[in-house]
Amino acid sequence: MNLWRGIKGTILPFWVTLSNMLRKPVTVQYPEERRVLPERTRAQIVLTRSPDGEERCVACYLCSAACPVDCISMQAAEDQNGRRYAAWFRINFGRCIYCGLCAEACPTLAIQMTPHYEFCERQPLALVYEKEDLLIEDGGKDGDYNFYHHAGIGVVNPRGSNPDETAPEDVRSNLP
Amino acid sequence: MENYVAYLLILIKLVLILTMILTMAAYLVLAERKILGRMQLRHGPNRVGPFGVLQPLADLIKLICKEDFVPPHSNHLLFLLAPALSVITVLLIFAAIPFAPPLTVLGHEIPMVVCDLNVGVLFFIGLSSLSVYGVTFGGWASNSKYAMLGGIRATAQLISYELPMGLALVPLVLVSGSFSLTDIVNAQRVLPFAVTQPLAFGIFFICILAETKRTPFDLPEAENELVAGYHTEYSGLRFGMFFVGEYINMALLGSVTTVFFLGGWHGPFLPPIVWFLGKVLCLCFIFIWIRGTLPRFRYDQLMRFGWQVLIPLALLNLLITGGVLLWLRG
């Protein structure tokens, strides 16, 4: 019985390999053939704008902190009316692993993932994208979202006058 | 005058056979990669030229351009000698292999073999034993533990499997009554020895699988255990020589099996050389097929199989053949 099993186990694989040889290869030959990508493919990162055309990024450093390979760096700055922005913003796509943690960490939906993945370069330094390379003229996935209409402090409107914002509380008057 | 013509003929045959074999070895590499790829539902190399037919050329250019590295503390002479040995011994055997029946041109009979040795079988066995040195020296001279282990394994394996291989050939010599390969082929005019000597054929086939150092018996270069075995430290064209030597060996052992067991050039309808080449290519496909199918033996299994199964079987076969021949010829 053992011998029979041995013989069967030696002969049958030959049939398997031969029949596989006659099947069509499953390889997708990339430059000529392209796979249909899943809808939520994560690839190149962009910085989006709010509906009024302003940069959404408030330079909070959360993306840079969340990044497991430390490929995001920036310098925060503030303009005259107190709105924060990134003086410079840099993503090194040579290191980026497209994990999407930065986009998840972003409180203002500024940093977002796009499905565009074909942007390889021969020079590694050409993969370091600056803020002007990253910024797009669009709101991305949630185009109508405007962070400052919900939480802006005296930036878009005076304090307390945003549509879903209540007027500031006078902490001295509501003591028990 | 007559002498010059003879020398010229030998030279032409040498050049023809050499180019034929080297081309065949190069395209065996491609064929193996393609066929293995298809067996694993891949395409295999298909970028260089139509269907990848120029891949061997690209590989050659790559190998030539690589750095030729000799590890420090290695034994220089042996390190440089080893790849040459493993190619030369294999190439030399082709000199004794008859490809087709003698051709008659202008009343002269031209044998389709470089030199029809009357001890062709011994020549083959002797040279294939010598080829062990290439592997042993390569493994030992590299001064590397992987190469060393690969060399030890290769030596043990090749020596163990040479015995049953030689023993499997003795019955053929008994039946055909000659050590000459041409006579052995002519003795198979009616029935190839694969039919009349199936046991010897089986033993011989398993042994040449071990001789080519290919899967089920690829312990000497087991990639996942020994990096690349005895040629771990080789690079550039020297590695290429080991590599090509392996594929020439595959073509050689295909031809040798054809000569010994499959009736050489004998076959109906088609011209003899086509039969010979067809049989060799079929055997090469079977080698590749086996590589795509079977996993590797364990070292103790390999040794036990060689010494405790193949050698007794070969001896038994020899005994039976001798007895039957004695009984038949009175």
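Criteria and cut-off values
- Residues numbered from 1 in each chain as written.
- Chains lettered and ligands numbered in written order.
- Predicted model: local features only at pLDDT ≥ 70, side-chain atom pairs only at ≥ 80, totals over all residues.
- Helix = DSSP H or I, 4+ residues; strand = E, 2+ residues; numbered from the N terminus.
- Rg over C-alpha atoms; globule rule 2.2 N^0.38 Å.
- Buried ≥ 20, exposed ≤ 12 C-beta atoms within 10 Å, placed from the backbone.
- Contact = placed C-beta atoms within 7 Å.
- Axes fitted to C-alpha atoms, helices over the stretch in contact; angles between N-to-C directions.
- Left-handed = near helix turned anticlockwise from the far one by under 90°.
- Nonpolar A, V, L, I, M, F, W, Y, C, P; charged D, E, K, R; others polar.
- Pairing = 2+ DSSP bridges.
- Core = buried A, V, L, I, M, F, W, Y, C linked by C-beta atoms within 7 Å.
- Expected span 1.5 Å × (residues − 1).
- Parallel < 35°, antiparallel > 145°, perpendicular 65-115°, else oblique.

Caption draft 1: Structural context of the overall build of chain B. Each helix and strand in chain B was counted, giving twelve helices and two strands. Going residue by residue from the N terminus, the α and β elements of chain B occur as α-α-α-β-β-α-α-α-α-α-α-α-α-α. In terms of overall size, chain B behaves like a compact globule, its C-alpha atoms giving a radius of gyration of 20 Å where 330 residues would be expected to give roughly 20 Å. Along the three orthogonal principal directions, the C-alpha set of chain B runs to about 60 × 50 × 45 Å. Taken across its 330 residues, chain B has 42% of its residues classed as buried. Intrachain contacts of chain B at a sequence separation of at least 6 include 76% that bridge at least 24 residues.

Caption draft 2: Inspection of the packing of helix α8 (residues 198-211) of chain B against helix α12 (residues 299-329) of chain B at higher detail. Residue and element names in this part refer to chain B. Where α8 meets α12, the axes come as close as 10 Å, and the angle between the chain directions of the two elements is 145°. Taken as a pair, α8 and α12 cross one another with a handedness that is left-handed. Contacts between α8 and α12 involve L199, A200, I203, I206 and C207 from the first element and L310, L313, A314 and N317 from the second. Per-class residue counts for the contact of α8 with α12 are eight nonpolar, one polar and no charged.

Caption draft 3: Broad picture of the pairing of strand β1 (residues 100-105) of chain B. Residue and element names in this part refer to chain B. Where burial is concerned, little of β1 is hidden: zero out of the six residues are buried. Relative to strand β2 (residues 108-112), β1 runs antiparallel, the two being bridged by four bridges. Paired with A100 across the strands is M112, a residue of β2.

Caption draft 4: Spotlight on the nonpolar core. The biggest cluster of nonpolar side chains holds 75 residues, and the ones touching the most others in it are I97, A168, F204, C207, A251 and F260 of chain B. It is helix α10 (residues 236-260) of chain B that provides the largest number of residues to this core, a total of 13 residues. Counting residues in each nonpolar core, the second largest holds 21 residues, with L47, C63, C67 and I111 of chain A among its members.

Caption draft 5: Quick peek at helix α1 (residues 2-39) of chain B. Compared with an ideal rise of 1.5 Å per residue, which puts 38 residues at 56 Å, α1 of chain B spans 53 Å between its outermost C-alpha atoms and is within 8% of the ideal. Residues of α1 of chain B that are buried: M24, A25, L28, E32, K34 and M39 of chain B. Tucked inside the fold, the buried residues of α1 of chain B contact α1 (2-21) of chain A together with α10 and α11 (272-293) of chain B.

Caption draft 6: Representation of the interface of chain B and chain A in the model. Between chain B and chain A, the contact holds ten residues from the first and nine residues from the second. At the level of secondary structure, the elements contributing two or more residues to the side of chain B that touches chain A comprise α1 and α11 of chain B. When grouped by side-chain class, the residues that make up the side of chain B that touches chain A number five nonpolar, three polar and two charged.

Caption draft 7: Summary view of the sheet that holds strand β3 (residues 84-92) of chain A. All names here are of chain A. Ordered by their spatial adjacency, three strands build an open sheet running β2-β3-β5, and the pairing between neighbours is antiparallel. On the outer flanks of this sheet lie β2 (72-78) and β5 (128-129), each paired with one strand and no other. Pairing of β2 with β3 involves seven bridges; the strand directions are antiparallel. Along β3, the bridge assignment pairs A77 with Y85.

Caption draft 8: Structural view of the packing of α1 of chain A against α11 of chain B. Where α1 of chain A meets α11 of chain B, the axes come as close as 9 Å, and the angle between the chain directions of the two elements is 105°. In terms of their interaxial angle, α1 of chain A and α11 of chain B are classed as roughly perpendicular. In this structure, α1 of chain A uses P13, F14 and T17 of chain A to contact α11 of chain B, whose residues at the interface are W289, G292 and T293 of chain B. Here the residues of the contact of α1 of chain A with α11 of chain B are counted per class, giving three nonpolar, three polar and no charged.

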